[in-house]
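Analysis of the macromolecular model
Take a look at the letters that make up each chain.
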Amino acid sequence: MRGDLFPAESPDSPRTSRELLGRCLESGRLRIGEVLLGTDFTLRHLSDEGCDVLETHWDPHAARLIARFDAQGDFRSLKSAPDLKRGWLLEAGSLEGMELALEFFYPAALGLLLSWLRGSLRPNPLRETLDRQSGMYRITQLLRDDQALDLIGCRCGEGCLRTVLWDLSSGNVVTSLPVERRTLDDFPPDRIPLLCREACNLLIAAARPIANGNR
Ligand code: SF4
């Protein structure tokens, strides 16, 4: 997918997240996570495509509150979980406004993609992330590979929309995820990927009780 968004060695390559977003709109990459982008700088839930009766917002900051709670009113601790509520329309008014709204829906998503396109994104293997843990999370270093695979398959595979770019350890890939969830080869041409560069705090926290049982 690098070619259409980031022509190598071209002065035309996007230099900022905003330029990258503009390139995505031009090239028809209008889906990101559960959000559908419009070339008129609108955003809505993917499942609300074609729906006329939506609650309209004009301030990009409204995305912060929309993204905070799910349809049941529960706090969304993971913004890339597939539980974004429906029923809203955000008219961001400009590319700048759309970029800001996306930062609330999917923090750092455009910046990570830009780094990946430039070839400067360095994913951290899970073992390196665990080795960095201290205090109450140091215990996660006892997590076995088979336990890690099960945990990742559940938390990252079913509970998150990001593409996992990291391995368990160098050369030891995350086999509990399908190939399309850990590589951008053949990524759908109408979608903007959400990338995961290293295990997040929620995954580390979920690993703790499992690793504790290995003492
Ligand atoms: S580690 Fe990455 S892919 Fe897994 S749940 Fe956290 S953010 Fe999502």
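Residues numbered from 1 in each chain as written. Predicted model: local features only at pLDDT ≥ 70, side-chain atom pairs only at ≥ 80, totals over all residues.

For strand 3 (residues 42-45) and strand 5 (residues 88-91), the ladder comprises three bridges, and the chain directions are antiparallel. The residue of strand 5 that forms the bridge with threonine 42 is glutamate 91. One ladder, built from three bridges, connects strand 4 (residues 55-57) with strand 5; its direction is parallel. Residue pairing in the sheet places histidine 57 in a bridge with leucine 90 of strand 5. (Pairing = 2+ DSSP bridges. Helix = DSSP H or I, 4+ residues; strand = E, 2+ residues; numbered from the N terminus.)

A few words now on the environment of histidine 45. Secondary-structure assignment places histidine 45 in strand 3. Judged by the 19 C-beta atoms lying within 10 Å of it, histidine 45 falls in the partly exposed class. Between the C-alpha atom of histidine 45 and that of leucine 112, which follows or precedes it by 67 residues, the distance is 22 Å. Among all residues touching histidine 45, those that are not within four sequence positions of it are Glu34, Val35, Leu84, Arg86 and Trp88. (Buried ≥ 20, exposed ≤ 12 C-beta atoms within 10 Å, placed from the backbone. Contact = placed C-beta atoms within 7 Å.)

Moving on, we come to the sheet that holds strand 2 (residues 35-37). On the basis of which strands lie adjacent, the open sheet formed by six strands has the order 4-5-3-2-1-7 and mixed pairing. In the strand order of this sheet, the two ends are held by strand 4 and strand 7 (191-192), each with one partner. Pairing of strand 1 (residues 31-32) with strand 7 involves two bridges; the strand directions are parallel. In the strand pairing of strand 7, arginine 31 is matched with arginine 191.

Attention now moves to the environment of proline 107. Mapped onto the elements of the fold, proline 107 is located in the loop between helix 4 (95-105) and helix 5 (109-118). The partly exposed category is assigned to proline 107, around which 13 C-beta atoms lie within 10 Å. Through-space distance from the C-alpha of proline 107 to that of threonine 129 is 20 Å; in sequence the pair is 22 residues apart.

Looking now at the domain arrangement of the protein chain. Each assigned domain of the protein chain is listed with its residue range as follows: domain 1 (2-107) and domain 2 (122-212). Computed from C-alpha atoms alone, the centre-to-centre distance between domain 1 and domain 2 is 24 Å. The partner domain 2 presents nine residues to the 13 residues of domain 1 that form the contact. (Domains from an automatic or database assignment.)

Let us now look at the packing of helix 7 (residues 145-158) against helix 8 (residues 201-212). Between helix 7 and helix 8, whose axes approach to 11 Å, the crossing angle comes to 140°. Between helix 7 and helix 8, the interaxial angle falls into the category oblique. The element helix 7 and its partner helix 8 pack so that their crossing is right-handed. Two secondary-structure elements touch here, helix 7 through Gln147, Leu151, Arg155 and Cys156 and helix 8 through Leu203, Ala206, Ala207 and Ile210. (Axes fitted to C-alpha atoms, helices over the stretch in contact; angles between N-to-C directions. Parallel < 35°, antiparallel > 145°, perpendicular 65-115°, else oblique. Left-handed = near helix turned anticlockwise from the far one by under 90°.)

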